[in-house]
Amino acid sequence: MGKNKGRGGGQKKNFKKDPIAVKVAGVRKSKTKAVNSSLKKINFQNRSKTEKLDSQMSELQTGKKSEKRPASKPATKVNMSSDAPPPDINMAADELSKLTS
C-alpha cells in the first residue's frame with residue numbers, strides 16, 4: 001500500500017560532518033607573534049628618527065634667524081629743531097585770504 005509520509009513539515013535531521021574529514025581539512029592555527037617586542041622596536045626607531053629630525057630642524061631655524069637679521073640699522077631721527085624763526089601766523093592768514101579772493 002502507501003508509504004507513510006509525514007504530514008506538516010516536521011523537523012529535519014541535521015547530519016553532523018564526519019570528524020575525520022574535519023581533521024584532514026581543518027584550519028591550522030598560526031603561532032602567536034611577539035607583538036610587544038615588535039612594537040617596542042618600532043617605537044624606538046620612530047623616537048630616534050624624530051629626535052634626529054628635530055635636531056636638524058632646530059639647526060635650520062637658528063640658521064634662518066641669523067640670516068634674516070644680519071645687522072640692525074639705527075633708526076634715523078628727524079631733527080625738528082632748526083635755526084629758522086617760528087612761522088608768522090598773521091602773514092600766512094593774509095596770503096591765504098589773497099588766494100581765496
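Keep in mind that what you see is a predicted model, and the values were worked out from it rather than measured. Within every chain, residues take consecutive numbers counted from 1 along the sequence as written. For this predicted model, a pLDDT threshold of at least 70 governs which residues receive local features, and a threshold of 80 or more governs which side-chain atom pairs are given and counted, while totals over whole chains, interfaces and linings are taken from all residues. As a rule here, side-chain values come from all non-hydrogen atoms in the structure, and water together with hydrogens is ignored.

Trainee: Which parts of the structure should I look at to understand the overall build of the protein chain?
Mentor: Comment: elements are numbered from the N terminus, with helices defined as DSSP H or I runs of at least four residues and strands as E runs of at least two. A tally of helices and strands in the protein chain yields three helices and zero strands. In the protein chain, the succession of helices and strands from N to C terminus is α-α-α. Each residue gets one of three labels from its accessible area relative to the maximum for its type: buried under 20%, exposed over 50%, partly exposed in between, using a 1.4 Å probe on protein chains only. Considering the protein chain as a whole, with its 101 residues, one finds that 0% of them fall into the buried category. Only the protein chains shown count as cover for residues, and all accessible areas are computed by the Shrake-Rupley method using a 1.4 Å probe. By element, 57% of the accessible surface of the protein chain is carried by carbon and sulfur atoms, the whole surface being about 11,700 Å².

Trainee: Any chance you could explain helix H3 (residues 89-100) here in plain terms?
Mentor: Each α-helix winds once per 3.6 residues, and so residues spaced three or four apart point in a common direction. Between the first and last residue of a helix there are one fewer steps than residues, each counted as 1.5 Å, and that sum is the expected span. The end-to-end C-alpha distance of H3, which contains 12 residues, comes to 17 Å, matching closely the 16 Å that a straight helix rising 1.5 Å per residue would cover. Burial runs low along H3: only zero of the 12 residues are buried.

Trainee: Please explain a nonpolar patch on the surface as it appears in this structure.
Mentor: On the surface, Val35, Leu39 and Ile42 cluster together into a nonpolar patch covering about 260 Å² of accessible area. Here Val35 shows up in helix H2 (residues 35-68). Patch definition: residues with relative accessible area over 30% and no salt bridge; like charges joined within 9 Å; nonpolar side chains (Val, Leu, Ile, Met, Phe, Trp, Tyr) joined within 5 Å. Counted as salt bridges are all cases of a side-chain nitrogen of Lys or Arg within 4 Å of a carboxyl oxygen of Asp or Glu.

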